[in-house]
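Observations on chain architecture
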Amino acid sequence: MNFDTPVQAQIVDDFINMYQQLNKNTLHLLNQVYSENIVFQDPLHKLEGLTELTQYFANMYANVEAINFDIQQVSASASQASVFWVMTYQHSKLNHGQPINVEGMSHLQFTDKIYSHRDYFDLGQMLYEPIPLLGKLIRMVKSRASS
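The rules behind these values
Residues take numbers from 1 onward in each chain, read along the sequence in its written order. Restriction of local features to residues with pLDDT of at least 70 applies here, the model being predicted, together with a cutoff of 80 or more for giving and counting side-chain atom pairs; totals for whole chains, interfaces and linings are based on all residues. Processing note: side-chain calculations cover all non-hydrogen atoms of the structure and skip hydrogens and water entirely. Helical segments are the DSSP runs of H or I of at least four residues, strand segments are the runs of E of at least two, and each set is numbered from the N terminus. Each residue is assigned to one of three classes by its accessible area relative to the maximum for its type, calculated with a 1.4 Å probe on protein chains only: buried under 20%, partly exposed between the two thresholds, exposed over 50%. Pairs of residues are marked as contacts when any of their non-hydrogen atoms sit within 4.5 Å. Two rings belonging to Phe, Tyr or Trp (six-membered ring only in the last case) form a pair when the distance between their centres is within 6.5 Å. Interplanar angles under 30 degrees mark stacking, angles over 60 mark edge-to-face geometry, and anything in between is tilted.

**What about the environment of Ala81?**
With respect to the secondary-structure elements, Ala81 resides in strand β4 (residues 80-90). In this structure Ala81 comes out as buried when scored by relative accessible area, which is 1%. What Ala81 contacts, discounting residues up to four positions off in sequence, is Val12, Ser75, Ala76, Ser106, His107, Leu108 and Phe110.

**Regarding the packing of aromatic side chains**
Scanning the model with the defined rule gives 9 aromatic pairs in all. Pairing Phe40 with Phe57 gives two aromatic rings, centres 6.2 Å apart and planes at 65°, and the pair type is edge-to-face. Placement of Phe40 in strand β1 (residues 34-41) and of Phe57 in helix α3 (residues 50-63) is noted, with a sequence separation of 17 residues between them. Judged by its relative accessible area of 3%, Phe57 falls in the buried class. Taking the centre distance of 6.3 Å and the plane angle of 55° together, the rings of Trp85 and Phe121 count as tilted. Separated by 36 residues along the polypeptide, Trp85 in strand β4 and Phe121 in strand β6 (residues 114-121) bring together distant segments of the chain. Judged by its relative accessible area of 6%, Trp85 falls in the buried class. Judged by relative accessible area, Phe121 falls into the buried class, the value being 16%. In this structure an aromatic cluster arises from ring pairing among Phe15, Tyr19, Phe40, Tyr56, Phe57, Tyr61, Phe69, Trp85 and Phe121.

Put into structure tokens, the structure is as follows:
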């Protein structure tokens with residue numbers, strides 16, 4: 001990683017460490033890395049403010065049995081970073097409760113804290129493909145589209 005100052009390196013390190021510890025009992029860690037006016041966006045949501053983000057994570061952790069982020073690569077500059085990850089999660093209603101792996105990337109913008117966090121990932125891989133009949137149909141469409 002290439003950082004202009006140790007502050008940027010610390011923000012990214014704190015972000016990664018927080019996600020390694022984050023669960024329904026440690027949501028207070030969010031305010032250590034995110035600003036009060038955080039804008040968070042992923043393929044399903046756009047949230048504004050730390051309160052909305054905390055509620056989002058509280059709902060997510062209430063509905064999953066397990067979730068883990070394996071950080072693959074980080075690319076950073078003075079005011080932004082791209083964090084590439086593999087999320088593994090388990091949900092009782094998806095994939096027969098078995099683990100699901102989703103590859104993704106978080107684009108972060110920051111000053112002293114992160115004020116913008118946008119996640120990019122394949123929503124089909126995360127949500128639709130693990131549903132038995134729908135997943136089979138989506139994989140068939142993907143296969144035909146790539147041939």
